[in-house]
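Results of the structural survey
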Amino acid sequence: MESKGTLTPHTLIPIASPNLLGNELAYVTQCIETNWISSQGKFVKDFEEKMAQYVGTRYAVATSSGTTALHLALTALGIGKGDEVIVPTLTFIATVNAVAYTGATPVLVDSEKESWQIDPEAIQRAITPRTKAIILVHLYGQPCKMDEIMQMAKAHNLRVIEDVAEAHGARYKGIRVGSIGDVGCFSFYANKIITCGEGGMVVTNHKEVYDRMTILRDHGMSKEKRYWHEQVGFNYRLTNIQAAIGCAQLERIEALLEARAFIQSWYEKYLSDDARFILPKEQTWSTRVCWLYTLLINTEMTAITRDQLIAALQQEHIDSRPMFYPIHTMPPYYQDKPYPVAQLLSRNGLSLPSFAGISQGEVERICRTVKKALG
Ligand SMILES: *Cc1c(COP(=O)(O)O)cnc(C)c1O
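Residues numbered from 1 in each chain as written. Predicted model: local features only at pLDDT ≥ 70, side-chain atom pairs only at ≥ 80, totals over all residues. Heavy atoms only, no water.

Before going further, it helps to examine the site of the ligand. Around the ligand lies a shell of 14 residues, among which Thr67, Asp163, Glu166, Ser187 and Lys192 are the nearest. Contacts to the ligand include glycine 66, whose backbone N or O atom sits 2.8 Å from an oxygen atom. At 2.8 Å, a side-chain N or O of aspartate 163 approaches a nitrogen atom of the ligand. Relative to its unbound accessible surface of 390 Å², the ligand loses 93% to contact with the protein. When residues of the shell around the ligand are traced back to their parent elements, those giving at least two are helix H3 (66-76) and helix H4 (93-102). Considered class by class, the residues forming the shell around the ligand number four nonpolar, seven polar and three charged. (Near = heavy atom within 4 Å. Polar contact = N/O pair within 3.5 Å; in protein donor to acceptor, adjacent residues only side chain to side chain. Areas by Shrake-Rupley, 256 points an atom, 1.4 Å probe, with all protein chains shown as cover. Helix = DSSP H or I, 4+ residues; strand = E, 2+ residues; numbered from the N terminus. Nonpolar A, V, L, I, M, F, W, Y, C, P; charged D, E, K, R; others polar.)

Below, the discussion takes up the pairing of strand S3 (residues 105-109). For S3, a buried count of four out of five residues is recorded, marking the element as mostly surrounded by other parts of the structure. Where strand S2 (residues 84-88) meets S3, five bridges bridge the pair, whose relative direction is parallel. Looking across to S3, one finds that valine 85 is bridged to proline 106. Regarding the hand of the β-α-β motif, the stretch spanning S2, H4 and S3 is right-handed. (Buried < 20%, exposed > 50% of the residue type's maximum accessible area, 1.4 Å probe, protein only. Pairing = 2+ DSSP bridges. Right-handed = clockwise from strand over helix to strand, strands pointing away.)

In this section: the packing of aromatic side chains. Scanning the model with the defined rule gives eleven aromatic pairs in all. Considering the side-chain rings of phenylalanine 92 and phenylalanine 324, the 5.7 Å spacing of their centres and the 45 degrees angle between planes classify their relative orientation as tilted. Placement of phenylalanine 92 in the loop between S2 and H4 and of phenylalanine 324 in the loop between strand S13 (321-322) and helix H11 (340-348) is noted, with a sequence separation of 232 residues between them. Take phenylalanine 92: its relative accessible area is 41%, and that puts it in the partly exposed class. With centroids separated by 6.5 Å and ring planes inclined at 5 degrees, the aromatic side chains of phenylalanine 186 and phenylalanine 188 adopt a geometry described as stacked. Phenylalanine 186 gets classed as buried once you look at its relative accessible area, which sits at 2%. On the basis of relative accessible area, phenylalanine 188 is assigned to the buried category, the value being 0%. One aromatic cluster in this structure is built from Phe92, Trp116, Tyr140, Trp291 and Phe324. (Phe/Tyr/Trp six-rings, centres within 6.5 Å; stacked < 30°, edge-to-face > 60°.)

What follows covers the side chain of glutamate 112. If you trace the backbone, glutamate 112 turns up in the loop between S3 and helix H5 (120-126). A distance of 2.7 Å separates a polar atom in the side chain of glutamate 112 from a polar atom in the side chain of lysine 145. Residue contacts for glutamate 112: discarding those within four places in its chain leaves Gln117, Ile118, Asp119, Pro120, Lys145, Val341 and Leu345. (Contact = heavy atoms within 4.5 Å.)

Right, let's talk about the nonpolar core for a bit. Of all hydrophobic cores here, the largest spans 100 residues; its most connected members are Phe47, Met51, Ile86, Ile123, Leu136, Ile161 and Met201. Discounting residues that sit within four places of it in the chain, methionine 51 has contacts with Phe186, Phe188, Ile194, Met201 and Leu250. One finds Ile263, Trp266, Leu309 and Leu374 within the second-largest nonpolar core, a separate group that totals 25 residues. (Core = buried A, V, L, I, M, F, W, Y, C linked by side-chain atoms within 4.5 Å.)

So, about unusual backbone geometry. Negative phi values dominate among residues other than glycine, just as trans dominates among peptide bonds. Positive phi, normally seen in glycine, also occurs at asparagine 157, with a value near 55 degrees. Assignment of secondary structure puts asparagine 157 in the loop between helix H6 (146-155) and strand S5 (159-163). Residue histidine 219 is not a glycine yet carries a positive backbone phi of 60 degrees. Relative to the elements of secondary structure, histidine 219 occurs in the loop between helix H7 (207-217) and helix H8 (240-251).

Time to look at the environment of glutamine 360. If you trace the backbone, glutamine 360 turns up in helix H12 (residues 360-374). With a relative accessible area of 30%, glutamine 360 lands in the partly exposed category. In this structure, the C-alpha to C-alpha distance between glutamine 360 and tyrosine 267, residues 93 residues apart in sequence, is 9.0 Å. Ignoring any residue separated from it by four or fewer positions in sequence, one finds glutamine 360 in contact with Trp266, Lys269 and Tyr270. At 3.1 Å, the side chain of glutamine 360 and the side chain of tyrosine 270 are in polar contact.

This brings us to the sheet that holds S3. Read from one edge to the other, the open sheet built from seven strands follows the order S1-S9-S8-S5-S4-S2-S3, with strand pairing classed as mixed. Both outer strands of the open sheet, strand S1 (59-63) and S3, are each paired with one neighbouring strand and no more. Averaged over all neighbouring strand pairs, the angle between strand axes comes to 20 degrees, with direction disregarded. As judged from the five bridges shared by S1 and strand S9 (residues 200-204), these two strands associate in the antiparallel manner. From the neighbouring strand, alanine 62 faces S9, where its bridge partner is methionine 201. Strands in contact with H6 are strand S4 (131-137) and S5; relative to S4, the strand with the most contacts, it is inclined by about 170 degrees. Contacts from H7 reach S1, strand S8 (183-187) and S9 within the one sheet, and its direction differs from that of S1 by about 20 degrees. (Axes fitted to C-alpha atoms, helices over the stretch in contact; angles between N-to-C directions.)

Below you can see the structure in the form of C-alpha cells.
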C-alpha cells in the first residue's frame, strides 16, 4: 500500500500506509543473511536501547505487540484479580483488554471535551480503596494532563501506565510521553507513527519492573537455570526481523514526524476556516504529534452524519475511519451509563488519511471531497 508516485482519482487513498524507504530492506536482509530470525539477534537489543534513549528512560523491553506490552507491564506491576484499573472509555479496545487479561477490573472514565484526553476530575471520582493503577492513553497524538494525574497517583499510591501507541515523540512540558509514568507502552503496528508490522515496547526507569518484564516475556524462565520456570509467563517476544524494521524506522522518526506535521498543517489550511468542522487543537502544555488526523463534524452546521460522510468519501476512493467507539458501548464492557463527552466525540469524530508519503495535492482533494459531501 506504499504511496509511490502520483495517485490517480481512482486509486484508493488509504487511511494509513507504512513508509519503508530507509534501511528497512538492508537490515531485514542482514537478518536473513546471518540466519538470525528469532528473538535472538542483535536488532532486538539495538531497538530496545535506541527506543529507551529516544524516549528518555533507562530500560526498554521489546514485545510482540502494543497489547502484549500493556499486559506485560500490568503483570510486572503486580496488577491482578481484585484490583481496579482506571482507563478512559474513549480508547482503542486493546487498552482495556490488557486489564481484563490480568483479572483486574477496568473502571471506565470520561474524557475532556477540549483535549479529547482522559478527564483528571473523572479519575479522581473513580478512585476507590481497590484502585491500583491508571492507564493514560495519549489519544490521537495528544498528551494527557500529566501533572494533575501524577499528583493524584502519588497521593493515592497508584501506578501510572502510559499507553503511547498513538503518540511516539509527543511531549508534555518538553518531556517525551512514555517516560513520565511508571511505564510507557508503545505499539509498532503498521498504521502507527513508526512500525515493524506487529510489535511493541515497554519503557521504564524501574530496574525491578524491567527485570520482571524480561523474565515474564520469556515464559517466566529463570535467568540462571534454563527451562526452570518459577511462575506462569508468556511468549511476548519480538523477532529480530521485526526489530530490524523497527531500528530502520527509528533512525528516521524525526523525518516521519515532520512529514506528519506537514499533513496536519495541510488539513488545517484547507479546513480551519469552515465552521462545519471542529479541528483538534494543540493544548498549551504539550507538543502533540499527528497520528491519524482526526476531526469532529460540527452537527450544528450540517445535517450530514459522520457515517454518511465516510460512505461519500468511499465513493470517491478515499478511505476514512470513525473515531473509536467508547468501550462502555460494546458488548464485552457494556454499561448502561452515560459518558457524555466520549459519546459526543465518538459520534462525530472522523479520521482522514495521514501517512508519511501522502502529497499536499491528495490532502487538498480529500478536503475538497469532504466539503462537497457536507453540501
Ligand atoms: C494500536 C493501539 C494499541 C495496541 O497495539 P497493537 O500493537 O495493535 O496490539 C493499544 N492502544 C492504543 C491506544 C492503540 O491505538
